[in-house]
Amino acid sequence: MQQPTIAVIFASSLTGKTRKTGKYIAEGLGADLFDLKKQTIINISGYRKIVFGTGIHNGKPYAPLVKFLEDNKDEIAKKKTSLYICCMYDDEKGENQCEKISEQLGIPNAVFFSGKGEKNEADFENIVDDFIAKQRV
Ligand SMILES: Cc1cc2nc3c(=O)[nH]c(=O)nc-3n(C[C@H](O)[C@H](O)[C@H](O)COP(=O)(O)O)c2cc1C
């Protein structure tokens, strides 16, 4: 079987929201899923696109993701990338936070999921489905 062309690589913490969301996204895309808590060395050379995920603690993305991006920056620079952020703010504060982290990590296509939007049958926000649909192109 051919290797999937998309990888979802995430760092999650206490609630596992970023992990659960990553799993849902990877299933939607037929992508490979990597948890930076379990694996920090990942061969990304075969992927066309990488979807990154992180939660936020005190305005900051999680350290394992920051480290992975730094350690693999040359390889990542050759890929299409996007970022989802699991956080608690759903307002302007969430938008500003998302923008700041997107700039800090150097990943322009960032979205944030606060868990407060309208949900689908799988109990994920509809905007997660919108995000998945955009990753296919
Ligand atoms: C100590 C702590 C600090 C947090 N700080 C922020 C924050 O600055 N901004 C935010 O939007 N959410 C914040 N949150 C909420 C988490 O980012 C949110 O619950 C996220 O879904 C956690 O995902 P995870 O369980 O996969 O790590 C914080 C949560 C904790 C426990």
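Structure shown above.
Now for a description of the structure that goes with this document. Predicted model only: the values in this text are computed from it and were never measured. (Residues numbered from 1 in each chain as written. Predicted model: local features only at pLDDT ≥ 70, side-chain atom pairs only at ≥ 80, totals over all residues. Heavy atoms only, no water.)

### Quick word on the overall build of the chain
Within the chain, the secondary structure is distributed over five helices and six strands. Shown N-terminal to C-terminal, the secondary structure of the chain runs as helices and strands in the order β-α-β-β-β-α-α-β-α-β-α. In summary, the chain has a C-alpha radius of gyration of 14 Å against a globular reference of 14 Å for 137 residues, a match within 12%. Along the three orthogonal principal directions, the C-alpha set of the chain runs to about 35 × 30 × 25 Å. Accessible surface, the chain as shown: approximately 7,900 Å² in total, 50% of it carbon and sulfur. Between the averaged position of the 20 positive side-chain charges in the chain and that of its 19 negative side-chain charges there is a distance of 5 Å. (Helix = DSSP H or I, 4+ residues; strand = E, 2+ residues; numbered from the N terminus. Rg over C-alpha atoms; globule rule 2.2 N^0.38 Å. Areas by Shrake-Rupley, 256 points an atom, 1.4 Å probe, with all protein chains shown as cover. Lys, Arg positive; Asp, Glu negative; His and termini not counted. Charge placed at Lys NZ, Arg CZ, Asp CG, Glu CD.)

### Here we look at the state of the cysteines
If you walk through the whole model with that rule in mind, you get zero disulfides. Residue Cys-87 stays outside any disulfide, its sulfur separated by 7.5 Å from that of Cys-98, the closest cysteine. Cys-87 gets classed as buried once you look at its relative accessible area, which sits at 12%. Taking relative accessible area as the criterion, Cys-98 reaches 7% and is therefore assigned buried. (Disulfide = S-S within 2.5 Å. Buried < 20%, exposed > 50% of the residue type's maximum accessible area, 1.4 Å probe, protein only.)

### What about the nonpolar core?
Ranked by internal contacts, the top residues of the largest apolar core, which has 24 residues, are Ile-9, Ile-44, Phe-52, Leu-65, Phe-68, Leu-83 and Ile-85. Of all the secondary structure elements, the ones that give two or more residues to this core are strand E1 (6-11), strand E3 (49-57), helix H2 (63-71), strand E5 (80-86) and helix H4 (92-105). Residues contacting Phe-52, with those up to four places away along its chain left out, are Ile-9, Leu-65, Phe-68, Leu-69, Ile-76, Thr-81, Ser-82, Leu-83, Tyr-84 and Ile-107. Within the second largest apolar cluster, 16 residues are counted, among which are Ile-6, Tyr-24, Ala-26 and Ile-132. (Core = buried A, V, L, I, M, F, W, Y, C linked by side-chain atoms within 4.5 Å. Contact = heavy atoms within 4.5 Å.)

### As for the site of the ligand
Residues in close proximity to the ligand total 17 residues, the closest being Ser-12, Thr-15, Thr-18, Ile-56 and Tyr-62. Contacts to the ligand include Ser-13, whose backbone N or O atom sits 2.7 Å from an oxygen atom. Within the side chain of Thr-15, one N or O atom sits 2.3 Å away from an oxygen atom of the ligand. In a pocket analysis with a 2 Å cut-off to the grid points, the ligand is assigned to the largest pocket. Elements supplying a minimum of two residues to the shell around the ligand: helix H1 (17-29) and E3. (Near = heavy atom within 4 Å. Polar contact = N/O pair within 3.5 Å; in protein donor to acceptor, adjacent residues only side chain to side chain. 1 Å grid on protein atoms, 1.4 Å probe; cavity = no way out; pocket = protein on both sides within 12 Å on 5 of 7 lines; lining within 4 Å. Sits in = over half its atoms within 2 Å of the grid points.)

### Considerations on the layout of surface pockets
Roughly 310 Å³ of volume is contained in the largest pocket. As for the largest pocket, its lining consists of 18 residues, and the residues nearest its centre are Ile-56, His-57, Tyr-62, Cys-86 and Cys-87. The element best represented in the lining of the largest pocket is E3, accounting for three residues. Of the residues that constitute the lining of the largest pocket, the class distribution is seven nonpolar, ten polar and one charged. Here the second largest pocket is characterised by a volume of approximately 220 Å³. Every residue lining the second largest pocket is listed: Val-66, Leu-69, Glu-70, Lys-73, Ile-76, Ala-77, Thr-81, Gln-104, Leu-105, Gly-106 and Ile-107. For the lining of the second largest pocket, the secondary-structure elements that each account for two or more residues are H2, helix H3 (73-77) and H4. Grouping the constituent residues of the lining of the second largest pocket by class yields six nonpolar, three polar and two charged. (Points joined across faces, edges and corners; volume = space filled by probe spheres on them. Nonpolar A, V, L, I, M, F, W, Y, C, P; charged D, E, K, R; others polar.)

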